[in-house]
Structure formats: structure tokens, C-alpha cells
Amino acid sequence: MGYRDKSVLKRWKDGFIFAGKGIRLAFREERHMRFHVFFGLAAVLLGVVCGIALWQWTVLLLAIAGMLVLEMVNSALERLVNLVSPEWNKTAGDVKDIAAGAVLIYAVFAVIIGVMIFMPFLWEWLS
Ligand SMILES: Nc1ncnc2c1ncn2[C@@H]1O[C@H](COP(=O)(O)OP(=O)(O)OP(=O)(O)O)[C@@H](O)[C@H]1O
């Protein structure tokens, strides 16, 4: 039975199963992914402890989700490059470097967002 012959419900279910497989794979095999999940959970815990406002949760969750999504896209690109260009190739290297640069830019802004949200709470505790 071809993919198109499956019922809509089965295609939906399979889609979730494949996506779940991808998430588990990224978590198991990508060191940076585990790093981002750890700091994301730490930020959520800090948000609970500090009792941050709804709008702050919105910004924080967007920052965390964006970081995880970007890291997964970067990992997928790395694998694709390794598949199509296992030998040294300037363009292949450029693709990896640009994707890594995108992750770095997002990570820097995510840290800035974290500091902007939590700094006032930490400041209050310390003073
Ligand atoms: N096929 C290739 N051709 C040219 N340069 C490459 C190639 N593969 C990797 N490179 C260069 O080496 C760098 C590191 O590549 P690598 O695949 O080890 O990624 P990484 O960021 O170390 O991955 P990981 O997240 O698994 O640690 C790339 O950013 C790129 O500059």
C-alpha cells in the first residue's frame, strides 16, 4: 500500500510517529540538543520559581522553542551535507558554517532575553 492510499487519519498518525522519532533521535544523538533542552528546562524552572508574568512566559517559551527547532534544523542540515558531500567541499563547509552561525545568533539573543526577564528578580533577591 502506497503512502497516498492510507487514510487521512493513518497519515496523521504516521506523521506524528515520524516526528516523534526525529525528536528522540536528535535528543539521543545530538550533544547540543541535550544542552539546549537542559537549559530550556532550567529556564522554565526559574520562571516557576520567580513567578514571571504571562507575557514573560510567552517570550521565554518562544525563545526556548525557537532554540530547539533551530538546533534540530541545523542537525538535519549537517546530516544532509554529510550524505551528499562526504568528501571535503567548500560549499558543503559553507552550508554547515552558515547554519551553525544561525544557531549562534539565536543562542546569543535567547541568552539576552533570559537575562532581561530574570535579571530584575535576581537583582531584587540580591538587594
Ligand atoms: N564536507 C565538508 N566539506 C568542507 N568542510 C566541512 C565538511 N564537513 C565539515 N566541514 C567543516 O567542518 C566544520 C565542522 O563540521 P562537523 O560536521 O564536525 O560539524 P560540527 O559542528 O562539529 O558537528 P557536531 O554538532 O556534530 O559537533 C563545519 O562547520 C565546516 O566548516
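Residues numbered from 1 in each chain as written. Predicted model: local features only at pLDDT ≥ 70, side-chain atom pairs only at ≥ 80, totals over all residues. Heavy atoms only, no water.

As annotated in an unreviewed UniProt entry, the chain carries the name Undecaprenol kinase and is attributed to Marinococcus luteus. In its Sequence similarities (unreviewed entry) section, UniProt records this for the chain: "Belongs to the bacterial diacylglycerol kinase family." (UniProt positions renumbered as here; feature names shortened; annotations may be inferred.)

Caption draft 1: Inspection of the site of the ligand at higher detail. The environment of the ligand is formed by Arg 31, His 32, Glu 78, Ser 85, Glu 87, Trp 88, Asn 89, Ala 92, Gly 93, Lys 96 and Asp 97. Interatomic distance of 3.3 Å between a side-chain N/O atom of Glu 78 and an oxygen atom of the ligand. Contact with the protein chains removes 58% of the 620 Å² of surface that the ligand exposes when unbound. At the level of secondary structure, the elements contributing two or more residues to the shell around the ligand comprise helix H2 (31–50) and helix H4 (90–126). Here the shell around the ligand gets four residues from one element, more than from any other, and that element is H4. The residue makeup of the shell around the ligand, split by class, is two nonpolar, four polar and five charged. (Near = heavy atom within 4 Å. Polar contact = N/O pair within 3.5 Å; in protein donor to acceptor, adjacent residues only side chain to side chain. Areas by Shrake-Rupley, 256 points an atom, 1.4 Å probe, with all protein chains shown as cover. Helix = DSSP H or I, 4+ residues; strand = E, 2+ residues; numbered from the N terminus. Nonpolar A, V, L, I, M, F, W, Y, C, P; charged D, E, K, R; others polar.)

Caption draft 2: Focus on the pattern of salt bridges. Here the structure, examined in full by the defined rule, presents four salt bridges. Between Arg 79 and Glu 29 there is a salt bridge, with its nearest N and O atoms 2.9 Å apart. Of the two residues, Arg 79 is situated in helix H3 (residues 54–84) and Glu 29 in helix H1 (residues 8–29); the sequence distance between them amounts to 50 residues. The residue Lys 90 makes a salt bridge to Asp 94 at a minimum N-O spacing of 2.6 Å. Of this pair, Lys 90 and Asp 94 are both found in helix H4, four residues apart, which corresponds to roughly one turn of the helix. Residue Asp 94 is classed as partly exposed on the basis of its relative accessible area, which comes to 30%. (Salt bridge = Lys/Arg side-chain N within 4 Å of Asp/Glu carboxyl O. Buried < 20%, exposed > 50% of the residue type's maximum accessible area, 1.4 Å probe, protein only.)

Caption draft 3: How the structure looks around the side chain of Glu 30. With respect to the secondary-structure elements, Glu 30 resides in the loop between H1 and H2. Other than its neighbours up to four places away in sequence, Glu 30 contacts Leu 25, Ser 75, Glu 78 and Arg 79. (Contact = heavy atoms within 4.5 Å.)

Caption draft 4: Molecular detail of H4. With 37 residues, H4 should cover 54 Å at 1.5 Å per step; its first-to-last C-alpha distance of 50 Å lies within 8% of that length. Bending of H4 peaks at approximately 40° at the position of Phe 118, with proline Pro 120 no more than four residues after it. Those residues of H4 lying buried are Ala 92, Ala 99, Val 103, Ala 110, Gly 114, Ile 117 and Phe 118. Check the buried side of H4 and you find it contacts H2 and H3. Where H4 begins, the side chain of Asn 89 points an oxygen toward the backbone nitrogen of Thr 91, at a separation of 2.9 Å. (Expected span 1.5 Å × (residues − 1). Bend = angle between axes of the 7 residues up to and from the residue.)

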